[in-house]
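What follows is each chain in one-letter form.
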Amino acid sequence: MILLLVLPFNVLMAQNHSVSGVVADANGEPLIGVTVIVEGTTLGTSTAIDGSYALTNVPIDGTLIYSFIGMLTQSHPINGQSTINITLLEDSEMVDEVVVVGYGTMKVKDLTSSITTVKADDLMKTPAGQAVQALQGKVAGVQIVSNGSPGDSPTIRVRGIGSYPGNGSENPLFVVDGVLYDNIDFLNSADIESMSVLKDASASAIYGVRAANGVVLIETKSGKKNQKATITYDGYYGVQVAADVLKMANSEQYAQMIMESGSDADIAKVYESMQQYGRSHNNPNVPATNTNWYDEVMRTASIQNHSLNVAGGSENAIYSLGLSYFDQEGILDMPNDYTRLNLRAKLDYDVNELITVGGNIIFSDADKNAPESGAWRTAYFAVPIMPVYDGDNLANAKSMGYRGSQNPFVAMNYNRNALNIQKTLASFYAKINIIPNKLNFKTSYSKNVSDLTERYVRLPYDIGYQTQRLPEEASIRRVSKKYTNETIDNVLTYTDSFDKHNVTVMAGHSYRNDEFVGFEAKGLDFPYQDEKSWYLNQAKTIEEGSVFDYGSKSYGISYFGRVSYSFDNKYLLYGTFRADGTSIYQEKWGYFPTVGVGWVLSEEDFMSDVPFVDFLKVRASWGELGNNNVPANDGTSTANVVDAALGDNKIPGTVNQNIYSFLKWEVSTETNFGITSTLFNSRLSVEADYYVRDTDNAAIRVQEPFTSFSTLRNVGVIRNSGFELAVNWNDKISDDWSYSVGFNMSTLKNEVRDLYGQAYIDAGQAEFRQRSAVGEPLMSFYGWKTDGVYQNDAEIAADPIAVANGLVPGDYRYVNQNGDDVIDDNDRVFLGSYFPDLTYGFDFSVNYKNWNLSASFYGQSGNKILNRKRGEILWTSDGNMDADLAKNLWRGEGTSNKYVSSAGLRKGWNQKMSNYFVEDGSFFRIQNIQLSYLFSNKTLWGVDMPDAKIIFTADRPVTFTDYNGFNPEIANGVDTQTYPIPATYTLGLNIKF
C-alpha cells in the first residue's frame, strides 16, 4: 500500500520540477533568443534580453538542450537541479553559419569572398528613418554619405564608383529575404535581423547585371521553432538639434566688410538699413538689426520610433508579426517631416518532412513634407542688417536697394510639397526536399508595388517692391508614379559530404518583369485660401505643355549557378556563373563568371604548435559584375536651314543630322585577396582585403567628329583599388566586467585609366570646372593654385604677372606652373577629388553588471569640397559671407595670407577657380554614444515584471572639421545648398514579454 502511494507522488514531483538560469557566451555576454528544450519533448522556451530562461513541469531526470546559431549546441542533465547556468561556445567548425550569400547561406569558414555582417543590436543604436544609415563607420570599404532631410536616403558607395557620375545610381543592390530592391526606405530598423554587405565580385556576381555597385543582403526578423510567443516593444523619443552650425558674419562684421569693399552702391545699402531700422547703440556705424538667419530658419525637431513584434513557433511553423511607426520632423522651420507606418508578417510552415512553404508581406505607408531646399541657400546669403519681418509683412532686402528679397521665409511660407509613398511587397515560396538533407528545390514568387503621389503647391504672396506671386500665378503640380515588378525564381540545390569532400551545387532560373507608369499636370489660379481646394479640378487653367503621360516596361531572364567545394576542411574552391538576358539593350545577353579559392592554414599540422591561432584562412577571388543603370541609348537629332544653288536660283532647305549611340551594360572585373583569422581563444578577430576593380567599358561622353555634339559610348576604363582592415577584440575581466573594442579602415584610389584617346572630359560650370583625365580621379576639381596674397607694393613691383594684370596688395598670387610669367589656362592643375582616400571607424563597449556603455567614432580624410556658396560672389557681390572669411580678410600687410581683401573679393582675378574655393573635406565625428541599464527578474506587488532596458543615445553629437560649411558630407563634393545633419538625443525603452 505504501509503495502504491509513494509511486504516484514521485511521478508527480518529477513532472512538477522547475528549472531556471542564464545563458551567456564565452565573454559573459548574455545571449538573447537561445532555444532551450527538454530533450525528446516539445516543451521549451527561449532566453530573454538578459539571457535568462525558466521552465516548469520538467522531468527531474530529463536533459535540457541549448541551441543558438553560430554556437555549439550543448546538452545538460537536470539531475534535480533548480538553477542551471550555461556558457555556449562559438562553433569553430561552423563560425557564423548565418552569413547569407546569394540564393543561400554559407559557413564563414568556407567563404572565399569578402562579406561583412552587421547584427540587429548595432543597427538599432542609430535613430534614423533609413536603416542603411546605421552602416556608417561599421563596414570597411563602405562609404555612407548622410542626408539630413527627413525621409531622404543617404548615398552609399561600396568600394568607390566604377561609372561616370550622372549615368545612373551609385547605390548597391538590396536583397531583402531573397527579393531584390533598389532601396530599402520601406524598412524599419527594428524589423531587421542582420545586414550583410557583399563587397567583392566573388560574392556579388551571382546577381549579375545589378551587382556592380555591391550588394546588401538583409534578413528580417523571424520566429524560432518550439518557441513560445514573444512580444517585444522597441521605442524611443528624442530631439534633433542643429550641430556645428556655420557661423555667418554678423552685422558689425558685414558692415566692416562692405565699408572696406570700396563699392559705393553696397555701402549705400548699409546706410539705408540704418535709415530704416536704426543704428546700433554699441556702435553707431553699424545697423541696429543683427539677424542670425540660420537661427531664424531652424528649429529643434522631434524624432520618434515605436515598433511591436510578435514572434514564435511550433514544431512545424515559425512566424513573426510586426507593427512599427516612425516620425521625424525636419530642423527647417516649415512643414517639413516624414512619417511611416509599417505592417509586416512572415511565416514558414513545414507541411510535412518533404515540403516547406512560406511567405513574407510588408506594407509601408509614408507621408513626407519635403523641405524648400533653396531656403538654406537664401539663408546663407541673406544680409544680417535686415529683420525677418518689417511690420506685419516679411522684410524685403529690395527696400534697401538689394536686387533680391533675400528672405528665406518667402519660399518657406508660400510653398508646400507633400508626398505619399505606399509600398506593398509580397513574396511566397515552396521548398521541396527531394532527397532529405541533400537535394532540394525552391520556387518563389514576389511582387512589389510602389505608388508615389506628389502635390507641389505654390501659393500667392506680396511682400512689396514687386516681389510677388499673383493669385492667377499660384499653381498646383500633381505627379503620380507607379512602379511594379514581379520576379519568379527557381533554384535547385544539392549538398553532399563523403570522405573528406564537401560539395554544394546550385542551379537556378529567374524571370523579372518591371513596369512603370507616370502622369503629371500643372494647374493655375485656384482657391488657395482653403487647403481642401488644392486640387487640379479647382484650377481655372491647366498650363499648356504641363501634362505628361509616360511609362516603360522591361523584362529579363537569367540563368545562374554556384559550386562550393572543400577538401578536408582546408582547401576551398568556389565559383558562380550568371547569364542575364534583357529587353532593354541591343545586346541582349551578358555573362558574369567568378571564381574563388581559400586555404585554411589553421587546419594544417604545422599550425598545431601555434596555440594562439584559433582560425586562419587566406583567400583570393576573381569575377565580373554587371551594371544595368546605364541608359540604353544616347544621342540627338538636329535640323539646320541651308541654301542650295540650282542654276541661277537659291533654293532654301534643311539638313537633318542624327547622332545616336546604342549602349550596353557596363562590366566590372575585380580581383580580391584577403585574410580571415580569429586569435587568442576567439577574443581577437582580424580581417584584411586588397582589391582592384576595373570597369572596362564605362559609358563616357565621346566627341563626335565634325560635329559639336558628344554621345555616350561604352569605351572608358575606370579603376577603383584599395585596402581594407577590420580588427575586433573582446574580453571578460570578471563575472561583472567585460568589454570589446573594434577598428576598421579602408583606403580608396579612384582612377581614370582610358578615355578613348580623349585628353579629358570636362564637367561642371566653366567657372567651377571639374575634369576627368587619365591618371586622375573622376571629376576632379580643376583650376589654379594660390601662392598666398600680395602683401605690399614691393611684392607687386617685383612680380611681372602682378604688374601686367594691374594687381594691388590684397590680391591673390597664383602659381605660374610653366614659368612663362603669364597666368592662363596652362597654369591650371588638379586640385583634388571628392572621393576620400581614407575612411575609418572605431568603437568600444563596456559592460558592468546590468550597465552598458558603448561609443562609436567615424572619420574620413583626403577628400575635397568645392565651397560653391563662396563662389556666388561672381554673380551677386552684395550677399553675406561666412564669419571666418569676414573676420580674416586681408586688411594690410601681414594680416592674412589666406584670404584677399574685401575689395579683392569683387575682382575677377581673385574669383578664378582655385584652391580658395576647394577646401579640405576631412572630418572626425563622435558617431554614437549609448548608455543603457537592464531591469531583469524584477517584481511589482508580487508580480513578475518583464525584462526592460532603458537606453539613452546621443547620435552624431559632435563633428570636427576645418571645412567652412554646415556639413562636410557632400555626396558630389559641390556644396551649393546642403541640408544640415542634426545631432540627435533619444531616450528609449525595450521590453520583452
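Per chain, residues are indexed from 1 in the order of the written sequence. For a predicted model such as this one, the threshold for reporting local features is a pLDDT of at least 70, and the threshold for listing and counting side-chain atom pairs is 80 or more; totals across whole chains, interfaces and linings nevertheless cover every residue. Hydrogens and water are ignored here; the side-chain numbers use all heavy atoms of the structure.

Per an unreviewed UniProt entry, the protein goes by TonB-dependent receptor and derives from Marinifilum caeruleilacunae. UniProt positions are given in the numbering used here, feature names are shortened, and annotations may be inferred rather than shown by experiment. Database annotation for the protein, UniProt heading Subcellular location (unreviewed entry): "Cell outer membrane".

### Focus: the overall build of the protein
Helix and strand labels come from DSSP, where a helix needs a run of H or I of at least four residues and a strand needs a run of E of at least two; each type is numbered from the N terminus. When its secondary structure is counted, the protein shows 12 helices and 56 strands. C-alpha atoms define the radius of gyration, and 2.2 Å times the number of residues to the power 0.38 defines the globule rule. Taking 993 residues into account, the globule formula puts the C-alpha radius of gyration at 30 Å, and the protein, at 33 Å, falls close to it. For the protein, the C-alpha atoms occupy an extent of roughly 120 × 80 × 70 Å along the three principal directions. By definition, residues are in contact when any of their heavy atoms lie within 4.5 Å. For the protein, the proportion of contacts with a sequence separation of at least 24, taken over those separated by at least 6, is 69%. Charge counting follows a simple rule: Lys and Arg are positive, Asp and Glu are negative, and His as well as the terminal groups are ignored. For the purpose of locating charges, the reference atoms are NZ of Lys, CZ of Arg, CG of Asp and CD of Glu. Both charge centroids of the protein, one from 80 positive and one from 115 negative side chains, sit 2 Å from each other.

### So, the sheet that holds strand E1 (residues 17-24)
Two strands form a pair only when DSSP identifies at least two bridges running between them. The strand order across the open sheet formed by three strands is E4-E1-E7, and the pairing between neighbours is mixed. The open sheet terminates on both sides in strands that have one partner only, identified here as strand E4 (52-58) and strand E7 (86-87).

### Here's the deal with the environment of lysine 228
Within the fold, lysine 228 resides in strand E17 (residues 227-241). Spatially, the C-alpha atom of lysine 228 lies 48 Å from that of glycine 722, the residues being 494 residues apart in sequence. Among all residues touching lysine 228, those that are not within four sequence positions of it are Gly44, Ala311 and Gly312.

### Focus on the packing of aromatic side chains
Two aromatic rings, drawn from Phe, Tyr or Trp (for Trp, its six-membered ring), form a pair once their centres lie within 6.5 Å of each other, and the interplanar angle then sorts them: stacked below 30 degrees, edge-to-face above 60, tilted otherwise. Using the criterion set out here, one finds 37 aromatic pairs in the structure. Here phenylalanine 516 and tyrosine 550 contribute two aromatic rings whose centre-to-centre distance is 5.9 Å and whose plane-to-plane angle is 40°, an arrangement assigned as tilted. In this pair, phenylalanine 516 is assigned in strand E29 (residues 501-524) and tyrosine 550 in strand E31 (residues 548-567), connecting sequence segments 34 residues apart. On the accessibility criterion, tyrosine 550 (28% relative accessible area) is partly exposed. An aromatic cluster is built from Phe768, Tyr812, Tyr814, Tyr899, Trp909, Tyr916 and Phe917, whose rings are joined through pairwise contacts. For each residue, the accessible area found with a 1.4 Å probe, counting protein chains only, is set against the maximum for its type, and the residue is called buried under 20%, exposed over 50%, and partly exposed in between.

### Details of the pattern of salt bridges
Think of a salt bridge as a Lys or Arg side-chain nitrogen and an Asp or Glu carboxyl oxygen that are within 4 Å of each other. For the structure shown, the criterion picks out 48 salt bridges. Between aspartate 580 and arginine 578 there is a salt bridge, with its nearest N and O atoms 2.9 Å apart. Exposure remark for aspartate 580: the relative accessible area of 3% places this residue in the buried category. We classify arginine 578 as buried; its relative accessible area is 5%. What you see here is one network of salt bridges that share partners, running through Arg159, Lys199, Glu670, Arg693 and Glu724.

### Considering the side chain of lysine 368
One can find lysine 368 in strand E21 (residues 355-369). Look past the residues within four positions of lysine 368 in its chain and what remains in contact with it is Pro150, Gly151, Asp152, Asp337, Tyr338, Asn417, Ala418, Leu419 and Ile421.

### Some points on the pairing of E1
Strand direction decides the pairing type here: E1 and E4, joined by five bridges, are antiparallel. From the neighbouring strand, valine 19 faces E4, where its bridge partner is leucine 55. Pairing of E1 with E7 involves two bridges; the strand directions are parallel. Directly across from alanine 24, in E7, lies its bridge partner threonine 87.

### A look at the sheet that holds strand E47 (residues 829-832)
Sheet architecture is open: four strands sit in the order E42-E43-E44-E47, paired in antiparallel fashion. If you trace the sheet from one side to the other, it starts and ends with strand E42 (761-763) and E47, each paired once. Going from strand to strand, the sheet's axes swing by 45° on average, the running direction of each strand aside. Alignment of strand E43 (residues 770-772) against strand E44 (residues 780-783), held across two bridges, turns out to be antiparallel. Bridge pairing in E44 links glutamine 770 to phenylalanine 781. Axis definition: a line fitted to C-alpha atoms, over the contacting stretch in the case of helices. Angles run 0 to 180 degrees between N-to-C directions.

### Points about the nonpolar core
In this text, buried Ala, Val, Leu, Ile, Met, Phe, Trp, Tyr and Cys residues form a nonpolar core when linked through side-chain atoms within 4.5 Å. Grouped together as the largest cluster of nonpolar side chains are 86 residues, with contacts concentrated most on Tyr254, Tyr294, Val297 and Trp376. Of the residues forming this core, the biggest block, five residues, is contributed by helix H7 (residues 374-381). Residues within four places of tryptophan 376 in sequence aside, it is in contact with Tyr294, Val297, Met298, Ile331, Leu332, Phe966, Gln977, Thr978, Tyr979 and Pro980.

### Digging into a nonpolar patch on the surface
What goes into a patch is any residue over 30% in relative accessible area without a salt bridge, connected to like charges within 9 Å or, for nonpolar side chains (Val, Leu, Ile, Met, Phe, Trp, Tyr), within 5 Å. Accessible surface area values rest on a Shrake-Rupley calculation with a 1.4 Å probe, where residue burial reflects the displayed protein chains alone. Side chains of Ile733, Trp737, Tyr848, Trp851, Leu853, Ile929, Leu931, Phe935, Ile950, Phe952, Leu987 and Leu989 sit close together on the surface and give an oily, nonpolar patch of about 1,100 Å² of accessible area. Going through the elements one at a time, strand E49 (851-861), strand E52 (923-935), strand E55 (947-961) and strand E56 (983-992) are the ones with two or more residues in the nonpolar patch. For the nonpolar patch, the element with the most residues is E52, which contributes three residues. Here isoleucine 929 lies in strand E52.

### Some remarks on the packing of helix H4 (residues 251-261) against helix H5 (residues 264-277)
Where H4 meets H5, the axes come as close as 8 Å, and the angle between the chain directions of the two elements is 145°. Here H4 and H5 pass one another in a crossing that is left-handed. Where H4 abuts H5, its residues Tyr254, Ala255, Ile258 and Met259 lie against Asp266, Ile267, Val270 and Tyr271. Under this grouping Gly is polar, as are all residues other than the nonpolar Ala, Val, Leu, Ile, Met, Phe, Trp, Tyr, Cys and Pro and the charged Asp, Glu, Lys and Arg. For the contact of H4 with H5, the per-class residue count stands at seven nonpolar, no polar and one charged. For a crossing to be left-handed, the near helix must be turned anticlockwise from the far one by less than a right angle; the clockwise case is right-handed.

### Topic: the side chain of arginine 578
Take arginine 578: it is sitting in strand E32 (residues 571-582). Between N or O atoms, a polar contact is any pair within 3.5 Å; within protein, one atom must be a potential hydrogen donor and the other a potential acceptor, and residues adjacent in sequence are included only when both atoms are from side chains. A distance of 3.1 Å separates the side chain of arginine 578 from the side chain of tyrosine 103, its partner in a polar contact.

### Points about H5
Look at H5: 20 Å from first C-alpha to last across 14 residues, which is about the 20 Å you get at 1.5 Å a residue. In the core, the buried residues of H5 are packed alongside H4 and strand E22 (389-390). Helix span, as expected, comes to 1.5 Å for every residue beyond the first.

### As for the environment of asparagine 826
By secondary structure assignment, the location of asparagine 826 is in the loop between strand E46 (812-814) and E47. On the accessibility criterion, asparagine 826 (55% relative accessible area) is exposed. Along the primary structure asparagine 826 and tryptophan 784 are separated by 42 residues, whereas in three dimensions their C-alpha atoms are 9.4 Å apart.

### With respect to unusual backbone geometry
Even without being a glycine, tyrosine 465 presents a positive backbone phi close to 55°. Mapped onto the fold, tyrosine 465 is located in the loop between strand E26 (461-462) and strand E27 (468-469). A relative accessible area of 51% means that tyrosine 465 is categorised as exposed. Notably, aspartate 525 is not glycine yet its phi reads approximately 60°, a positive angle. Following the sequence through the fold, aspartate 525 ends up in the loop between E29 and strand E30 (541-542).

### Observations concerning the environment of phenylalanine 709
Note on placement: phenylalanine 709 falls in the loop between strand E38 (684-703) and strand E39 (710-732). Distance from phenylalanine 709 to isoleucine 659, taken between C-alpha atoms, is 8.1 Å for residues 50 residues apart in sequence.

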